[in-house]
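Structural overview
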Amino acid sequence: TTQDDVRTCSGFAALLNALTRNSKGLRSTGVVAVSCRHELFRPNGLGDLQKGERYRNVDYVVAASIRGWDIRMIKDSFDIACEWRKGFFARIQDLPEEMRPAVPEDEWVFIVPKFHIAAHKESCQANYSSNFTPFCARWDGEHVERLWAYLNGIASSIKEMTAAGRWETIDDFCSDDLLRLLIEAIPAAYDHKADFEAFDRRLRQERPHDVAEWEAMLSRWEADHRSPNPYVLPKTTTTRADVQLRYFMAENQAIADGKRASHDGGPCSFIVLGMEIRQARSSLAAQKKTATTVLQQVDLHKRAAPLLHRLNQFLDLQAVYMPRLASHTSPQPPPTVDTIYSYPLHLPSELAPDIRALVCVEGLAQIEDDLQYAEACEALDELRHALRIRTSYNRAKIKNVTGQVLNTRAREKQATVDEAVNAAKQRYRAARLTLMQLRGAGDWEATLRPLLDEDIVGLNERALTREEVAENERIRAMGGVAQDRGVPLSGVVNPGEGRRTLSWIRYTASTQATSSADGAQDPELRDSLRVEWAKAKARAARWVEQVRLVDEEMRRAITTTRHFAKQWNLRRSRRQVQADNNPSRLDEELDEGLSAYADEHCAMETSIADALEDKWRFIRSLASDMMDGKPLRLDETPVTSADQGIAVVQLAVDTDYMVNDQDDEM
């Protein structure tokens, strides 16, 4: 593992710490473990780490844990699987020949556990999610974490043991109820399968060509994760980062070609710095109004000092990219901490068109135009997202929250969302005002319209009436908490439903309309339906797989137990044959004891198999009905049925730094 490897994803803090971990005087800084989906450690599935999560250590322990097993497919979960898989198949070729896994490369599937995947980049999340990976059933990949919960308890005891004593203790601590899993999976599989089939049936009636296209897209992605991902909504909005990257690349190329001299910042950096200063001092001005105590004023000045430094940087760049500005504006004294709130920036958008053309270098106004347009689009996307969250919070609050304490806590969460809505609103209005100053009236206003307060409502919300708005203002004036701008709707028909209209922010999400075969022109809705359809299909498939997998594990548990019974019976028979062929060497007391021991174990294994078969017969008959497409009938006479399953091993790999071992010489 290297620092460069870590940086290619999310910069895993735990791994970064592990790479620089102090290992002086330690025989081991931790252990790496491999477990199966039943929350049991694999044989030979634990090994020492000498310094951090070295991939070689992990590779060796994984290979040792499956050595000697005839396995067709492996689902391998690891916190950093997206990085570990890079070069994995090249590294295992360096292992001894007898330890090299024989599983084909295309049958070794890497998964990031469900709890950890949220910290990864968006490009990793769908590609490494067990929710969207076939044959994973309802496996979360986190079972090693649950095993650490009790294994970590011995860390303080074993860290000063000798190597042999330490491993004997760990082995002692490493020596699932299938019925519970199947009882949960069968009704869930029926429900999710029925939900998806109903959704799919309706979509096929209304959008048959779209569904056919989604199926092909899903098949291509499952075959090759480099294909477009059906579980991710496309980001068609141009972001400010996209515009900055485009201009930065052009500036660097111009410097390389000798067409422009190198400065501390290019024209794009100059405009971006001005936009950031304008946003920062707006936030600082709001803080200044409430800074009444000495500590609050100290904090205010701490924030003002860096802003003053950035403002001076901006003025230095302004002399380069707006060289004739001084001749068209009144002179200003150097900025101070007290004047930064109102100090004129004189960005191109703040100048009259004729003066702008005289004082700005070529293309400077266009750079600000592009950045402000991207800023407005980004702000609209953030506003839509915040409104979706607000609608969900409102519904949950109305449905589940009662009482003053719970309402207060729920309102605190809603207040954070309201702040996000307000911030996005202010960003959009400021960016649109700047565009109006740069462009004037035009066709662009059809997409970026004036954002009124009554426009800021979520889906399935209505705007407040004038009476409700007046009541809100009265409550705020009294220092109370007012109602949101949108009122959540419930039920099929609500007051005002006949007059309710969608806010324009819903149908201007993208300027590129994609026509489907049935004539619909709503790309945002089409993509949202595709993602929801794909996720519903994946949920149904994973629950059905869970039923098949647990039923197969039940069959194997019974078959394996009967196999053990046959083995004990075979050992007894072999002993009897040896005694018959060599009667002179027969020790009757030993022979009697060995026969009794074999009979006891044969009877024990047989009784276990019979008990499991009786215990699971009814639930396995329900699983068989589900897999055969029959309806759920709890009163039907059970009939045992199980199909042969493919050999799939689901492994979880993880490391722990609690189990340390100090060197004997310390």
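The rules we used
Residues numbered from 1 in each chain as written. Predicted model: local features only at pLDDT ≥ 70, side-chain atom pairs only at ≥ 80, totals over all residues. Heavy atoms only, no water. Helix = DSSP H or I, 4+ residues; strand = E, 2+ residues; numbered from the N terminus. Buried < 20%, exposed > 50% of the residue type's maximum accessible area, 1.4 Å probe, protein only. Areas by Shrake-Rupley, 256 points an atom, 1.4 Å probe, with all protein chains shown as cover. Contact = heavy atoms within 4.5 Å. Core = buried A, V, L, I, M, F, W, Y, C linked by side-chain atoms within 4.5 Å. Pairing = 2+ DSSP bridges. Axes fitted to C-alpha atoms, helices over the stretch in contact; angles between N-to-C directions. Parallel < 35°, antiparallel > 145°, perpendicular 65-115°, else oblique. Left-handed = near helix turned anticlockwise from the far one by under 90°. Nonpolar A, V, L, I, M, F, W, Y, C, P; charged D, E, K, R; others polar. Salt bridge = Lys/Arg side-chain N within 4 Å of Asp/Glu carboxyl O. Expected span 1.5 Å × (residues − 1). Bend = angle between axes of the 7 residues up to and from the residue. Patch = residues over 30% accessible without salt bridge, like charges linked within 9 Å, V, L, I, M, F, W, Y side chains within 5 Å. Lys, Arg positive; Asp, Glu negative; His and termini not counted. Charge placed at Lys NZ, Arg CZ, Asp CG, Glu CD. Phe/Tyr/Trp six-rings, centres within 6.5 Å; stacked < 30°, edge-to-face > 60°. Lys NZ or Arg CZ within 6 Å of the ring centre and 35° of its normal. pLDDT = per-residue confidence, 0-100.

**Here we look at the overall build of the protein**
Of regular secondary structure, the protein possesses 20 helices and 9 strands. Here the protein, with 666 residues, has 41% of them falling under the buried criterion. On the protein, roughly 36,800 Å² of surface is accessible, and the fraction owed to carbon and sulfur atoms is 53%.

**A closer look at the environment of S227**
Position of S227 relative to the elements: it lies in the loop between α11 (208-223) and α12 (240-256). Sequence separation between S227 and M217 is 10 residues, and the spatial gap between their C-alpha atoms is 8.1 Å. Excluding residues that lie within four positions of it along the chain, S227 makes contacts with R220 and W221.

**Details of the nonpolar core**
One recurring pattern in soluble globular proteins: nonpolar side chains tend to sit buried together. Core analysis: the biggest nonpolar cluster contains 33 residues, and F270, I271, F314, M322, I340 and L371 have the highest contact counts within it. Elements with a contribution of two residues or more to this core: α12, α13 (267-290), α14 (294-321) and α16 (364-400). Setting aside anything within four residues of it in sequence, one finds I271 in contact with L347, P348, L364, I367, E368 and L371. Of all hydrophobic cores here, the second largest spans 29 residues; its members include V34, I92, V103 and Y128.

**Quick notes on the pairing of strand β4 (residues 73-78)**
The buried count for β4 comes to 6 of 6 residues, which makes it a mostly enclosed element. Residues M73, K75 and S77 point to one face of β4 and I74, D76 and F78 to the other, with burial holding for every one of them. Where β4 and strand β5 (residues 108-111) come together, 4 bridges link them in parallel fashion. By the bridge assignment for β5, S77 is matched with I111.

**A closer look at the packing of α13 against α14**
At a minimum axis separation of 9 Å, α13 and α14 run at an interaxial angle of 155°. As judged from the angle between their axes, α13 and α14 are roughly antiparallel. Seen from above, α13 lies across α14 with left-handed handedness. Looking at side-chain class alone, the contact of α13 with α14 contains 13 nonpolar, 7 polar and 6 charged residues.

**Thoughts on the pattern of salt bridges**
Here the structure, examined in full by the defined rule, presents 29 salt bridges. Among the ionic pairs, R432 bridges to E445, the shortest N-O distance being 3.1 Å. Of the two residues, R432 sits in helix α17 (residues 404-439) while E445 sits in the loop between α17 and β6 (461-463), which places them 13 residues apart along the sequence. Taking relative accessible area as the criterion, R432 reaches 11% and is therefore assigned buried. Residue classification places E445 among the partly exposed positions, given a relative accessible area of 24%. A salt bridge links D551 to R620, with the shortest nitrogen-to-oxygen separation between them at 2.9 Å. You can see D551 sitting in helix α19 (residues 523-581) and its partner R620 sitting in helix α20 (residues 588-627), a full 69 residues away along the chain. Given a relative accessible area of 5%, R620 falls into the buried group. Connected through salt bridges with shared partners, the residues R240, E276, R310, E375, E378, E382 and R427 form a single ionic network.

**Description of α20**
With 40 residues, α20 should reach 58 Å at 1.5 Å per residue; the first-to-last C-alpha distance of 54 Å fits that figure. Of all the bends in α20, the greatest measures close to 50° and is centred on R617. Phi turns positive one or two residues past the end of α20, at G629, with a value near 85°.

**Some words on a negative patch on the surface**
A grouping of D587, E588, E589 and E592 is seen on the molecular surface, where their side chains present a negatively charged patch. Topologically, D587 is positioned in the loop between α19 and α20.

**Here's the deal with the packing of aromatic side chains**
One pass over the structure, following the stated rule, counts 16 aromatic pairs. Look at W108 and F110: their rings are 6.4 Å apart centre to centre, the planes differ by 25°, and that puts the pair in the stacked class. For W108, a relative accessible area of 4% puts it in the buried group. On the accessibility criterion, F110 (6% relative accessible area) is buried. When the ring centre of Y247 is taken as origin, the NZ or CZ atom of R246, which lies over that ring, is 5.1 Å away. Above the face of the W568 ring, R571 is positioned so that its terminal group lies 4.6 Å from the ring centre.

**Considerations on the side chain of R240**
For R240, the position within the fold is in helix α12. Excluding residues that lie within four positions of it along the chain, R240 makes contacts with V272, M275, E276, Q279, L371, A374, E375 and E378.

**Some words on unusual backbone geometry**
For H346, which is not a glycine, the phi torsion comes out positive at approximately 55°. Note on placement: H346 falls in the loop between α14 and α15 (353-359). The exposure class of H346 is buried, given its relative accessible area of 19%.

**Describing the confidence of the model for the protein**
Chain-level pLDDT for the protein is 76 on average; 74% of the residues reach the 70-or-more range. At the low end of the mean pLDDT range in the protein sits strand β9 (residues 661-662), at 40; at the high end sits α11, at 90. Below pLDDT 50 for its whole length, residues 636-647 participates in 26 contacts with residues either more than four positions away or in separate chains. Across residues 657-666 the pLDDT falls below 50, and counting only partners more than four positions away or on other chains, this stretch makes 42 contacts in the model.

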